[in-house]
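# Geometric and topological summary
Okay, here's what each chain looks like letter by letter:
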Amino acid sequence: MTDDNGNPNASPLDALRRYVPLAVWVIVLLTVLMIPLRIIQYGYLPGDDALRHAAKAVSGKPWSEILVLNQTYQIDHEFGWNLLLEKIHQWESWDAEKLVIFFRGGALCF
């Protein structure tokens, strides 16, 4: 058996050595992806912006009826995102929980 340089004394393990770092990176990436998906599977709902965006999409109310706002907040700064969530709610009949999961990047769970 020869190695990449044409050396005739290459062991069978030499061929595996170049694939070990790739296998380690694949395992690391899968682990990094699976941790948040597993947390979402347990039903964790964050207490931050995701819930307010889902509330707006499901209720159809303006921000002034959902949150107590300062007078400086006159326009919707996330109009496109809120419109997308409203359309998903209308088309797919998703409830607030599914919208929050979608908002947090877990759309692949469905």
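In this text the structure is predicted, and so the values were computed from the model without any measurement.

The next point concerns the pattern of salt bridges. In this structure the tally under the stated criterion is 1 salt bridge. Between Lys56 and Glu86 there is a salt bridge, and its shortest N-O distance comes to 3.8 Å. With a gap of 30 residues between them, Lys56 in helix 3 (residues 49–59) and Glu86 in helix 5 (residues 79–92) connect regions that are remote in the sequence. No difference in accessibility class separates Lys56 from Glu86, as the two residues are buried.

Here we take up the nonpolar core. Listed in full, the 8 residues of the largest apolar core are Ala50, Ala54, Ala57, Leu85, Ile88, Trp94, Leu99 and Val100. Going through the elements one at a time, helix 3, helix 5 and helix 6 (96–103) are the ones with two or more residues in this core. When residues in this core are grouped by element, the largest group, 3 residues, is from helix 3. Every residue in contact with Leu99, bar those within four places of it in the chain, is listed here: Ala54, Ala57, Val58, Leu85, Ile88, His89 and Trp94.

So, about unusual backbone geometry. At Ser93, a position not held by glycine, the phi torsion is positive, near 55°. If you trace the backbone, Ser93 turns up in the loop between helix 5 and helix 6.

With that out of the way, let us pick up the environment of Ser59. Note on placement: Ser59 falls in helix 3. Residue classification places Ser59 among the partly exposed residues on the basis of a relative accessible area of 38%. When the C-alpha positions of Ser59 and Glu86 are compared, they lie 9.0 Å apart, and in sequence the two are 27 residues distant. Only 2.8 Å separates the side chain of Ser59 from the backbone oxygen of Ala55, close enough to count as a polar contact. Within the local environment of Ser59, its side chain forms a polar contact with the backbone nitrogen of Lys61, the two atoms lying 3.2 Å apart.

We now examine the packing of helix 5 against helix 6. Contact geometry for helix 5 and helix 6: axes closest at 11 Å, N-to-C directions at 135°. Between helix 5 and helix 6, the crossing angle belongs to the class labelled oblique. In this structure, the crossing between helix 5 and helix 6 has a hand that is right-handed. Where helix 5 approaches helix 6, its residues Trp81, Leu84, Leu85, Ile88 and His89 are matched on the opposing element by Leu99, Phe102 and Phe103. Each residue belonging to the contact of helix 5 with helix 6 can be placed in one class, and the counts come to 7 nonpolar, 1 polar and no charged.

What counts, and at which threshold
Residues numbered from 1 in each chain as written. Predicted model: local features only at pLDDT ≥ 70, side-chain atom pairs only at ≥ 80, totals over all residues. Heavy atoms only, no water. Salt bridge = Lys/Arg side-chain N within 4 Å of Asp/Glu carboxyl O. Helix = DSSP H or I, 4+ residues; strand = E, 2+ residues; numbered from the N terminus. Buried < 20%, exposed > 50% of the residue type's maximum accessible area, 1.4 Å probe, protein only. Core = buried A, V, L, I, M, F, W, Y, C linked by side-chain atoms within 4.5 Å. Contact = heavy atoms within 4.5 Å. Polar contact = N/O pair within 3.5 Å; in protein donor to acceptor, adjacent residues only side chain to side chain. Axes fitted to C-alpha atoms, helices over the stretch in contact; angles between N-to-C directions. Parallel < 35°, antiparallel > 145°, perpendicular 65-115°, else oblique. Left-handed = near helix turned anticlockwise from the far one by under 90°. Nonpolar A, V, L, I, M, F, W, Y, C, P; charged D, E, K, R; others polar.

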